[in-house]
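# Structural features, examined
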Amino acid sequence: MTDYTPPKVWTWNKANGGAFASINRPIAGPTHDKELPVGKHPLQLYSLATPNGVKVTVMLEELLARGHKGAEYDAWLIRINDGDQFGSGFVEVNPNSKIPALMDRSGATPARIFESGSILVYLAEKFGEFLPTEQPARAEVLSWLFWQMGSAPYLGGGFGHFYAYAPQKFEYAIDRFAMETKRQLDVLDRRLAETEYLGGKDYTIADMAVWPWYGGLALGRMYNDSGEFLSVQEYKHVQRWAKAIDARPAVKRGRMVNRAFGEPALQLHERHDASDFDTKTQDKLAAE
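The paragraphs below set out a description of the structure included in this document.

Calculation criteria
- Residues numbered from 1 in each chain as written.
- Predicted model: local features only at pLDDT ≥ 70, side-chain atom pairs only at ≥ 80, totals over all residues.
- Heavy atoms only, no water.
- Helix = DSSP H or I, 4+ residues; strand = E, 2+ residues; numbered from the N terminus.
- Polar contact = N/O pair within 3.5 Å; in protein donor to acceptor, adjacent residues only side chain to side chain.
- Contact = heavy atoms within 4.5 Å.
- Buried < 20%, exposed > 50% of the residue type's maximum accessible area, 1.4 Å probe, protein only.
- Pairing = 2+ DSSP bridges.
- Right-handed = clockwise from strand over helix to strand, strands pointing away.
- Expected span 1.5 Å × (residues − 1).

## Observations concerning the environment of Asn 24
Relative to the helices and strands, Asn 24 resides in the segment before strand 1 (43–47). C-alpha separation for the pair Asn 24 and Gly 83, spaced 59 residues apart in sequence, amounts to 9.7 Å.

## Focus: the side chain of Thr 281
Considering the arrangement of structural elements, one finds Thr 281 in the loop between helix 10 (276–279) and helix 11 (282–287). Within the structure, Thr 281 has its side chain in polar contact with the side chain of Asp 283 (distance 2.5 Å). Among residues more than four places away in sequence, those in contact with Thr 281 are Met 256, Pro 264, Ala 265, Gln 267, Leu 268 and Asp 276.

## A word on the pairing of strand 2 (residues 73–77)
Counting buried positions over the 5 residues of strand 2 gives 5, a clear majority of the element. Taking every second residue as pointing to the same face, both faces of strand 2 are buried, with Tyr 73, Ala 75 and Leu 77 on one and Asp 74 and Trp 76 on the other. Sheet analysis places strand 1 next to strand 2, joined by 5 bridges and oriented parallel. Bridge assignment links Leu 45 to a residue of strand 2, and that residue is Ala 75. Where the polypeptide runs from strand 1 across helix 1 (residues 51–65) and back to strand 2, its parallel neighbour, the crossover connection is right-handed.

## Considering the environment of Ser 106
Note that Ser 106 resides in the loop between strand 3 (101–104) and strand 4 (111–114). On the basis of relative accessibility, which here comes to 45%, the residue Ser 106 falls in the partly exposed class. Taking the C-alpha atoms as reference points, Ser 106 and Gly 70, separated by 36 residues in sequence, lie 8.9 Å from one another. Among residues more than four places away in sequence, those in contact with Ser 106 are Pro 42 and Lys 126. A distance of 2.7 Å separates the side chain of Ser 106 from the side chain of Asp 104, its partner in a polar contact.

## Some words on helix 3 (residues 116–127)
Here helix 3 spans 17 Å end to end across 12 residues, near enough to the 16 Å set by a 1.5 Å rise per residue. For helix 3, the complete set of buried residues consists of Ser 116, Gly 117, Ile 119, Leu 120, Val 121, Leu 123, Ala 124 and Phe 127. Each element contacted by the buried residues of helix 3 is listed here: strand 1, helix 1, strand 3, strand 4, helix 4 (137–165) and helix 6 (205–218).

Keep in mind that these numbers describe shape and distance, not what the molecule does.
Dropping the structure here:
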């Protein structure tokens, strides 16, 4: 590894970011004009089945499972590696150009909601589910929700990037973020030794936020062989919690929505009706 001395003033004169170099840039705003599609339901989701995207599709499927017909939604695929998030229509919904983004057209004035944690709170309050209304239970759930929002960048942009995606392996960076990721897993393991779910006895938006990241890691689904590297099997309480949530039917459906990678039978690029899970997965479409 060569030594690097930062210049006095940083300039953007070369692509960086490894696997994501083509979409990394130091400025915001749209790169091209492209309107977003709008379907038949009041809730319009624009997303991809990354951990942040899965949070919201799981929430919507859980709401539908509880009988909330108003939670029916159209889910449109945003291919971030192709730069769809920089289209003018998407930037209007989320000026930060990150998935997921949600439009609620049920009221007189359409509402845009961006940032996955914000979307979870919005939906929980709209439908009166998965977020306690009384204190201190509400504060506990929100604390774990915001724990995820603050912690996961160290797992994804830190450990995941340098372990799996960076063009070179840097021991210092991998060690730094592996240590922090294991510390976070220990935080979760200690909490889940005390309670069934993160907020307490009930399944809430805190679990929906944390599970796609740390549950996915515990189940060996993220960053190649990172589960073995981080010895995730040692976190017994996280393992119990991750497997229990993974078995929920709504979670299984939520993982499929806007998924454009992996096993074709688990890919539902767009979701406009509950029947799409039976008829519109990529294996079914390929067979046609």
